[in-house]
Structures are given as structure tokens and as C-alpha cells.
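Fold and geometry: a report
Below, each chain spelled out in residue letters.
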Amino acid sequence: MSTDTVRPPLAVRPSTGRVVGPLAAAWLVVEAKWTWYRKGWRATIGSSILMPLLFLIALGYGFGTQVKSGAATEGMRYVAYLAPALLASAAVQNAASESTFPILAGFKWQKIYWGIGATPMSPARIAAGELLWISMRVLISGTVYLVIAMLLGAMSGLGVVLALLFATLCGMSLAAPLVAFSATIEREGQQFNNIFRFLVLPMTLFAGTFFPVASLPVYLRPIAWLTPLWHGTELTRAAVFGRMHLWPVLGHTAYLLALFGLGAWLAARQFQRRLAV
Amino acid sequence: MAVARVRLVGGDGALVSAKGLLKSFGEFQAVKGIDVEVQPGESFGFLGPNGAGKSSTMRMIACVSPRSGGELSVLGLDPNIDGPKIRARLGVVPQEDNLDVELTVRQNLQVYGRYFGLGRAHVKAKAAELLEFAQLTDRADAEVDSLSGGMKRRLTIARALVNDPELLLLDEPTTGLDPQARHLLWDRLFRLKQAGVTLIVTTHYMDEAEQLCDRLVVMDSGRIAALGSPAELIARYCTREVLELRFPPGEQAAAEPKVADLAERTEVLPDRLLLYAHDGEAALAAAHNRGVRPLSGLVRRSSLEDVFLRLTGRTLVD
Ligand SMILES: Nc1ncnc2c1ncn2[C@@H]1O[C@H](COP(=O)(O)OP(=O)(O)O)[C@@H](O)[C@H]1O
Ligand SMILES: [Mg+2]
């Protein structure tokens, strides 16, 4: 049989499938997540803003009555000093919980990533979709917290919009490397407990949310400076207090962007390694 | 004419063509250089025991696992270059179901269809059609978790059809299912075949291979041991009939020399003695005349299981 034989129009009916572009692909992951999430979104948002609100009320309004306004509170009432920082802190906590067990589940328990991997979606696009989803969750929870904090009178001004973006960036600068890490986990995820215990919790306590890093012992300060939360906190305060100085703002933003970029690159690479074996 | 040729694939028209295809995991070679060609419209099988390398091969064809060596073209394209483009036109049923158990049956189909760039209205209509095909319409809004194994498998197959694939890959589609569920699945797969979909199926059940495959390869330890249609393979490696003599444990070996010349070939299994003969009844009668007294004697048509035994000296399903 020669190769130029005219073959009958076989059952090679063209498939309807096609490859979608990178942005649309990431969006499809969000769409799939939302399909499930929309059933219980109120409860989830409720639980993700509960912590910062409890802190705001107990520490800001309660404990804050014991705190004198001064240099340590940047001249603010304690609750006003605390409110923008809790925005960043909540972003970090929500980002951390969204980038650990849900990612592990996709690889290990439900294996849905393997299902998606058999479609035109590439592993890197799945990773990008997860990051986009996490950023939206962080942003939405942050917005709800912000509105409540403003209604309570703890924050005001247009700077809050910028603070919201900074907080989301801060959350994502932790989420991206964590997603990469979660994608390496083969076992049940006990390692995550260590992440929460030894990374997220100390960060929320010592990275400048409740008191300035300058009050820490000298040898501990550099550790606080390494955390994304310290940079995020500096940025959210600067935005809300209207004290945006060019170089510090650029510096903090660049640090967070760099962490995010590195993490996103690692996440894409790890999704590829895990799925394409 | 040009229109009809648009999607016809290059080379000699094979939908899948592998030459010296290799897959290794570290030092270990799971697929040791196999040659395979699958033609449009045919139903092609990989028959082999666990660990033969069937899934590894399927995953390379599905463009989810990079090959370690050799050549591979799928739909006329190279998976290393055009993986996503090829995947857009494939349907894949993996060995292990990976449905989204947090979604409903219908949502699984719709969400999956979207990954193939299909519009919302399109996936909605397609999901309804596929639910019907998979006999899952009455479970459409149930959570996947509540489905039986057979239903999950049907849903996975329905999901693989969401993009009207030109080639459908099925990795052990019926393993672990009860006979009724298997027959229902076979019926569905047969309909697809009738509709002209090219199928590639792996299995370690010879009856499944005989049911579904026009042509198949027998695979063992990462190599292809034989290629042909089920009938050809049986004709090439077996006799028409097999006489199975069952003995009390340990006695079959002693009986073997007495009856060996009645058959073209004999096989001593732990519990049975197999005589490959063209006329099983005649061989049974002759054995009786020679004073061989088995517990039971069964004459059956030979099957791919016998082909496998002949090729590898081992039974297919342990
Ligand atoms: N990801 C992997 N890493 C290491 N070894 C693997 C991997 N996948 C499969 N194998 C090994 O490759 C061999 C062939 O496996 P597989 O292709 O799944 O065979 P089959 O599908 O025929 O049962 C087996 O020995 C299996 O243990
Ligand atoms: Mg297998």
C-alpha cells in the first residue's frame, strides 16, 4: 500500500477538544474549584475571617485599652495600629491553609490532578490555576475582614484598597513556595503541622503584627525581617496610615514579588515533576 | 476530497506508531523497546499480567508520561512536542479512577469538558448525552462518592468521551467489576467501536481481549511476546481444543508421560494437566483406555490464556 493512497473518510471525525491559552487555563481551574466551593462559601469565608476579627476585638479593643499610644504604635490608638497588620496576618494564614492540604489532596487522596493532566492542560497551568484560586480566596476573605474592620471604626480611608492588594501579595508570597512544597509530599501531610507550628504561628506572633520588630532582641530581628509577613505588615500599615515612602515600599514589594516568583516557578516545576513520570 | 483528508494523519496513516519505545524508572526498565502500530478504526489490545508495562505504555501514548527512548507518534504528532495538542483529541480512562469526588456526576463531566476548551452550553448538552450513554441519567446529581464501582467506571469512560476523542485509551476498564457490570461496559465499548472510535485497551483478562480487540499484543516483562488477532494467536500458538485433566494434588506429573503422545503439547500446572489436542474428546477417551483416571476431564476451546501460557510458561492471572 503506497502512502498516497486516498483513504476513505474514516471515522476520524475531528475531536471537539482544543488547547486553551495559559490565562484561560488557569481560570478553568478556578471555575472548577468554584463549582464545588459555591455550596459552602459563606461558612468558609466566615471561618477565614473569624481569627482576625477575634484578635481585633480581643486585643485591639480589649487589651488595647491598656496600651498607651506612642512611638511603638506609630502614634496610633492600639486598635488602629493593629487593624491593618491583621489584614496581612489573615492573608498569610488563609494562604497557608489553602496551599497545604488542598494541594496534597489533589495529588494523593483524590488524584484529580492526574485527571486534569490527561486533558490539554499542562501541569504548570494547573499550578498557575491553583495559585490564582488561592489569591482570589485570600483577596475575598481580606475584603470581608476589611469591611467589618471599617464598620467597627478600626480603619478608614482609601488607602485600605492598596493595603488589601499588599496583603494579598503578602499571602501569595507564602502560598507559592508552600504550594511547591505541598506538591512534593507523598505521605499524609504530617509535615504541615510543623509548617503551621514552626513557621506560620511564630510569624503571626513575632513579625510585627502586635508589636514592632524593634522590640525583639537584636539577634531575633533578622529572622523577623526574612518573613513575608513583616514586609506585608509594613506595607499594609504604610498604605492605611498614608505614609508611603518610595524606597521602603519598593523594597518590601520587591521582596514579596521575588518570593512569589520563585515559589511560583518551583510550584510549576514540581507539578510537572510529579505528574509527568 | 481535500476536506476529508484534513485530519488524516501522516506517515502510513497509523494513529499510534511506536518504534523501540522505552520507559525506565531509574535503573528499572518497565517498557523495553516495543514496536506497535494502531490503525484508525481498529480496536487494539495490550494483554499481559500485572507489571508487564501496559500502563506505562498507555501513559506514554496518552502524552502524560515522557518516553525514555525510541520513537512515538500519536495522531501523527510527537508527544514530546505537541503533548497538549494531542491530548486535546484523546480520551483517557486511567487504570485508577480519578474523578472529582466532591462534585456531582454531572459536574464531573461539565468541568472536565471545559478543560478541553468547550463552551458552557456545549458541555451541558454533551453531559446530558453522555449520562444517557453511561446509563447514569438518574444519578446525574448524586455525589460521585455514592456510586458503585461499575458506575464510577462508566462515568470515567463518559468523561473520556466529552471531547469526542479520535482515539480512546482504556487501561483495564473492567478490572475489579462484577460480571454484570463488565458486560454492560463491554456493550458500551462495542457501541463506540461501531461508531468508528479507535480503541486501545489494556487488560489481563483474556475474555476481555477476545471480546473487544481486533488485534492485540501479548506483553510480558516490558516486551511484546506476540502480535495478532485473537483467533490468529490461538491458531498460531495453540490447538483448537484443550483437554484439562484434574488430579489429586501431585499426581498430574506422574500421569503426564502416559498421555503426552495424545496431544501436540502438554502443560503441567499445580492442580491440572493440560493437553493441547485438536480433538479433545478423542484424547480423553484414549486416556481412559490407557487407564488414566483423573478426578475430572474437561474439554474446552483454547483461549488467549493458553497462548500466554505457551509464550511465557506462566498463567496470566495469578
Ligand atoms: N512511577 C513508577 N516508578 C517506579 N516504577 C514504576 C512506576 N510505574 C510503574 N513502575 C513499575 O514498572 C513496571 C510496569 O508497571 P505497569 O506499566 O504499571 O504495568 P502493568 O500496567 O502492565 O501492570 C512494574 O514493575 C511497576 O512496578
Ligand atoms: Mg496497569
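Residues numbered from 1 in each chain as written. Chains lettered and ligands numbered in written order. Predicted model: local features only at pLDDT ≥ 70, side-chain atom pairs only at ≥ 80, totals over all residues. Heavy atoms only, no water.

The name an unreviewed UniProt entry gives chain B is Lipooligosaccharide transport system ATP-binding protein, with Labedaea rhizosphaerae as the organism. Heading Subcellular location (unreviewed entry) of the UniProt record for chain B holds this comment: "Cell membrane". (UniProt positions renumbered as here; feature names shortened; annotations may be inferred.)

The name given to chain A in an unreviewed UniProt entry is Transport permease protein, with the source organism recorded as Labedaea rhizosphaerae. A UniProt comment under Sequence similarities (unreviewed entry) is attached to chain A, and it reads "Belongs to the ABC-2 integral membrane protein family."

The next point concerns the interface of chain B and chain A. On the side of chain A, 39 residues touch chain B, which itself brings 48 residues to the contact. At the surface where chain B touches chain A, the tally comes to three salt bridges. Residue Lys39 of chain A pairs with Glu143 of chain B through a salt bridge whose shortest N-O separation is 3.3 Å. Secondary-structure elements contributing two or more residues to the side of chain B that touches chain A are α1 (2-5), β1 (16-25), α3 (79-87), α4 (105-115) and α5 (120-133) of chain B. With five residues, α4 of chain B is the single largest residue contributor to the side of chain B that touches chain A. (Contact = heavy atoms within 4.5 Å. Salt bridge = Lys/Arg side-chain N within 4 Å of Asp/Glu carboxyl O. Helix = DSSP H or I, 4+ residues; strand = E, 2+ residues; numbered from the N terminus.)

The UniProt record marks residues 16-246 of chain B with the feature "domain: ABC transporter" (unreviewed entry), using the residue numbering of this structure. Secondary structure within residues 16-246 of chain B divides into 37% helix and 28% strand; the distance between the first and last C-alpha atoms comes to 44 Å.

Looking now at the pattern of salt bridges. All names here are of chain B. Applying the stated rule across the entire model yields 30 salt bridges over all chains. Taking the shortest distance from any N to any O, the salt bridge between Arg215 and Glu42 comes out at 2.8 Å. A residue pair is termed long-range when its members are at least 10 positions apart, and Arg215 in strand β8 (residues 215-220) and Glu42 in the loop between β2 (28-38) and β3 (43-47) qualify at 173 residues. Classification of Arg215 as partly exposed rests on a relative accessible area of 25%. Put simply, Arg106 and Asp141 hold a salt bridge, and the shortest N to O gap is 3.3 Å. Of this pair, Arg106 sits in helix α4 while Asp141 is found in the loop between α5 and α6 (149-160), placing the two residues 35 residues apart along the sequence. Each of the salt bridges in this network shares a partner with another, and the network as a whole consists of Glu244, Arg246, Asp271, Arg272, Arg300 and Asp306. (Buried < 20%, exposed > 50% of the residue type's maximum accessible area, 1.4 Å probe, protein only.)

Moving on: the pairing of strand β11 (residues 265-268) of chain B. On a regular strand, one side chain projects to one face of the sheet and the next to the other, so that they alternate. Residue and element names in this part refer to chain B. Across four bridges, the pairing between β11 and strand β12 (residues 272-277) is antiparallel. The residue bridging Glu267 from the neighbouring strand is Leu274, located in β12. Taking the residues that link successive antiparallel strands as the turn, the β11-β12 hairpin has three residues. (Pairing = 2+ DSSP bridges.)

Phi angles above zero are rare outside glycine, and Lys111 of chain A is one such case at about 60°. Along the chain, the position of Lys111 of chain A falls in the loop between α4 (101-109) and α5 (112-117). By relative accessible area, which is 25% here, Lys111 of chain A ends up partly exposed. Of note in the backbone geometry, Gln135 of chain B takes a positive phi value of approximately 55° without being a glycine. Among the secondary structure elements, Gln135 of chain B is positioned in the loop between α5 and α6.

Residues and elements named next belong to chain B. Donor atoms from the polypeptide that bind the magnesium ion (ligand 2) are Ser55 (OG) and Gln95 (OE1), placed at 2.0 to 2.1 Å. Taken together, the residues span a long stretch of sequence, with Ser55 in helix α2 (residues 54-61) and Gln95 in the loop between β5 (90-93) and α4 at a distance of 40 residues. Owing to a relative accessible area of 22%, Ser55 belongs among the partly exposed residues under this scheme. The exposure class of Gln95 is partly exposed, given its relative accessible area of 41%. (Donors = N, O, S within 2.8 Å, 3.2 Å for Na, K, Ca; no water.)

Turning our eyes to something else, we now look at the packing of aromatic side chains. The description of two aromatic rings rests on the distance between their centres and on the angle between their planes. For the structure on display, the rule yields 18 aromatic pairs over all chains. A centroid spacing of 5.5 Å and a plane angle of 50° characterise the contact between Phe55 of chain A and Phe210 of chain A, whose relative ring orientation is tilted. In this pair, Phe55 of chain A is assigned in helix α2 (residues 41-62) and Phe210 of chain A in the loop between α8 (191-206) and α9 (221-226), connecting sequence segments 155 residues apart. Overall, Phe55 of chain A belongs to the partly exposed group, its relative accessible area being 27%. Judged by its relative accessible area of 13%, Phe210 of chain A is buried. Put simply, the rings of Trp34, Trp36, Tyr37 and Trp133 of chain A touch in pairs and so form one group of aromatic residues. Its end group placed over the ring of Tyr205 of chain B, Arg182 of chain B keeps NZ or CZ at 4.3 Å from the ring centre. The positively charged end of Arg265 of chain B is found above the aromatic ring belonging to Tyr276 of chain B, 4.2 Å away from the centroid. (Phe/Tyr/Trp six-rings, centres within 6.5 Å; stacked < 30°, edge-to-face > 60°. Lys NZ or Arg CZ within 6 Å of the ring centre and 35° of its normal.)

Our focus in this paragraph is helix α1 (residues 22-37) of chain A. A rise of 1.5 Å per residue sets the reference length of α1 of chain A, with its 16 residues, at 22 Å; its end C-alpha atoms lie 23 Å apart and thus fit the reference within 8%. Packing partners of the buried residues in α1 of chain A comprise α2, α4 and α6 (123-151) of chain A together with α4 and α5 of chain B. (Expected span 1.5 Å × (residues − 1).)

Here the focus is the layout of surface pockets. By volume, the largest pocket amounts to about 770 Å³. Taken together, 41 residues form the lining of the largest pocket, with Trp114 and Leu275 of chain A together with Arg59, Val64 and Ser65 of chain B sitting closest to its centre. The element best represented in the lining of the largest pocket is α3 of chain B, accounting for six residues. For the lining of the largest pocket, the per-class residue count stands at 23 nonpolar, 10 polar and eight charged. In this structure, the second largest pocket occupies an estimated 450 Å³ of space. Residue lining of the second largest pocket: 28 residues in total, with Lys33, Gln110 and Ile112 of chain A together with Asp100 and Glu102 of chain B positioned closest to the centre. Elements represented by at least two residues in the lining of the second largest pocket include exactly α1, α4, α5 and α6 of chain A together with α4 of chain B. (1 Å grid on protein atoms, 1.4 Å probe; cavity = no way out; pocket = protein on both sides within 12 Å on 5 of 7 lines; lining within 4 Å. Points joined across faces, edges and corners; volume = space filled by probe spheres on them. Nonpolar A, V, L, I, M, F, W, Y, C, P; charged D, E, K, R; others polar.)

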